[in-house]
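Coordinates in review
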Amino acid sequence: MATKMEYRLARRLAQLEPSATAAMTARVAQMRSEGVKVISFSVGEPDFDTPTPIKEAGIDAINANYTHYTPTGGIAELRKAVAARVTADQGISYSAAQISVTAGAKEALYLAFQALCDEGDEAIIPAPYWVSYLEQAKLAGATPIMPYGDQANAFKITPDQLREALSERTRVVVLNSPSNPTGAVYSAAELRALADVLAGSDAIVIADEIYDAISYVDYARWLRVAPEMADRTLIVNGAAKGYAMTGWRVGYVAGPQPIIDAIKAIQSHTSTHTASIAQYAALAAYTPNPEIERTVVHMAGQFHRRRDLMLELLAEISGVTCNVPDGAFYVFPNVEGLLNRPLRNGIVCRTSEELNLYLLEHAHIACVAGEAFGAPGHIRLSYATAEDEIYAGMNRFRDSLSD
Ligand SMILES: Cc1ncc(COP(=O)(O)O)c(C=O)c1O
């Protein structure tokens, strides 16, 4: 093209922040292509392979020519299997019609915000938060309200904070336990206290339980604790984290029929459904199978070991303080002790974002700055990586801080 075109993009994109984690992944790929040996703690996915029976179900689906369109919201067998899973998890009966299978939990969340929020509505998104909640709420026209879960309270919000955040305009409250980025897990008592606050509101809770298989404490499920909230709750989950199936793109949302119907209506005009082959693989994942269950438990056990290793090594780095995360595969250390003081070559970092770039540059380790999660002063490290990488990476971290 000879002339430089100016393109007018939709106004609602003006406030859209591109994903910080995806940006880091791209930067790491570039450095590696230049020959730099970067150890990455920035990616939010298990380093394990998808369990064999699940892969085989995907291959069988191809060979059986299950490669055509499926119903919006997924094949009936999968929705039935997911309904059985959600019923067993939550202790409340769900039918297959109350399930929509989506292209990852991310699409489930996107559709939920689209189905529920109007311009001017508010969405309560406790910080530190997973990056996409905020952007998805904004894309749906909602204003995010972000009460901050203090480090001293294990990054969880209190009932008082929720009460203060609620207004007549609150449409949605997001609860994510175990949490990305903090690994915090709400106890049953904590969830109960939040449910009591919500009794006086008509907000819909989106309970994102995608890390449920990776919890190192007794895991409390939202509707087990607050069954009276069932007709105002969407349960979001997916196969990505627990079954090491990130690339297959299978998530789901379960909830009251009218909301699920609305979600499917949007889906019918957008993605229609996630890939047919992935659906058959997920059917294997969600059909009771001792071999797969053992693998899931084994992976969670490995994450537990690596968490302990990561915490042990981080404790040796002065200027860093770290809570003990109870689930998921992230640590979220406070790095304020490393800011505003000279590091290697007298370099001073003023923010965790600057420190994050410093660590990439000087330690060749990739993390994600807390700013992306609404929590400056922290960095997020994923320990879904091999133990020798954790050793090497934490040594590099420590050694990079002085001459
Ligand atoms: C809290 C949380 N919810 C949802 C998702 C989306 O998962 P999926 O890969 O199923 O879209 C992620 C992925 O990182 C996550 O951390």
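Procedures and definitions
Throughout, a residue's number is its position along its own chain's written sequence, starting from 1. Given that this is a predicted model, residues contribute local features only at a pLDDT of at least 70 and side-chain atom pairs are listed and counted only at 80 or more, while totals for whole chains, interfaces and linings are drawn from all residues. A run of H or I in DSSP becomes a helix once it reaches four residues, and a run of E becomes a strand once it reaches two; helices and strands are each numbered from the N terminus. Radius of gyration: over C-alpha atoms. The globule rule applied is 2.2 Å multiplied by the number of residues raised to the 0.38 power. Three exposure classes are used, all based on how many other C-beta atoms lie within 10 Å of a residue's own C-beta (placed from the backbone): buried at 20 or more, exposed at 12 or fewer, and partly exposed between those limits. Nearness here has a simple definition: the residue's C-beta atom, placed using the backbone, must lie within 6 Å of the molecule or strand. Note on residue classes: Ala, Val, Leu, Ile, Met, Phe, Trp, Tyr, Cys and Pro are nonpolar, Asp, Glu, Lys and Arg are charged, and everything else, Gly too, is polar. Domain segmentation is taken from an automatic or database assignment of domains. Residue pairs are scored as contacts if the distance between their C-beta atoms, which are placed from the backbone, is within 7 Å. The pairing criterion for strands is at least two bridges between them, as found by DSSP. By convention in this section, buried Ala, Val, Leu, Ile, Met, Phe, Trp, Tyr and Cys residues joined through C-beta atoms within 7 Å make up a nonpolar core. Comment: arc refers to directions from the helix axis out to C-beta atoms.

Describing the overall build of the protein chain
- Per the secondary structure count, the protein chain includes 13 helices and 12 strands.
- In terms of C-alpha radius of gyration, the protein chain reaches 21 Å, essentially the compact-globule figure of 22 Å for 403 residues.
- Principal axes of the C-alpha set define a box for the protein chain whose edges measure 60 × 60 × 55 Å.
- Among the 403 residues that make up the protein chain, the fraction classed as buried is 47%.

Structural notes on the site of the ligand
- Taken together, 13 residues surround the ligand, and among them Gly-104, Ala-105, Lys-106, Asn-180 and Gly-238 come closest.
- For the shell around the ligand, the element with the most residues is helix 4 (residues 104–116), which contributes three residues.
- When the residues that make up the shell around the ligand are grouped by side-chain class, the tally is four nonpolar, seven polar and two charged.

Examining the domain arrangement of the protein chain
- With domains assigned, the protein chain is organised as domain 1 (11–49 + 292–399) and domain 2 (68–288).
- If you average the C-alpha positions of domain 1 and of domain 2, the two centres end up 25 Å apart.
- Across the contact, 34 residues belong to domain 1 and 31 residues belong to domain 2.
- Residue assignment for the side of domain 1 that touches domain 2 shows that the elements contributing at least two residues are helix 1 (20–33), helix 11 (290–314) and strand 9 (330–331).
- Considering each element in turn, the side of domain 1 that touches domain 2 owes the most residues, six residues, to helix 11.
- Among the residues forming the side of domain 1 that touches domain 2, the class breakdown is 18 nonpolar, 10 polar and six charged.

Digging into the sheet that holds strand 12 (residues 379–382)
- Here we have three strands laid out as an open sheet, ordered 9-12-11, and antiparallel in their pairing. Every other strand in the sheet has two partners, leaving strand 9 and strand 11 (368–369) as the edge strands with one partner each.
- Pairing geometry for strand 11 and strand 12, over two bridges, is antiparallel. Across the sheet, residue Val-368 finds its bridge partner in strand 12, namely Arg-380.

Structural notes on the nonpolar core
- In terms of nonpolar packing, the biggest core is built from 123 residues, with Ala-112, Val-172 and Val-236 touching the most fellow members.
- At nine residues, the largest contribution of residues to this core is made by helix 4.
- Among all residues touching Ala-112, those that are not within four sequence positions of it are Ile-206, Leu-234, Val-236, Val-253 and Ile-263.

Description of helix 10 (residues 276–286)
- The buried fraction of helix 10 amounts to nine of the 11 residues, a majority that puts the element mostly inside the structure.
- Those residues of helix 10 that sit buried are Ala-278, Gln-279, Tyr-280, Ala-281, Ala-282, Leu-283, Ala-284, Ala-285 and Tyr-286.

Let's talk about helix 7 (residues 188–198)
- Those residues of helix 7 that fall on the buried side of the exposure criterion are Glu-190, Leu-191, Leu-194, Ala-195 and Leu-198. Buried positions in helix 7, seen along its axis, are confined to an arc of 140° and lie on one side of it.
- Buried-residue contacts for helix 7 involve helix 6 (159–165), strand 5 (170–176), strand 6 (204–208) and helix 8 (222–225).

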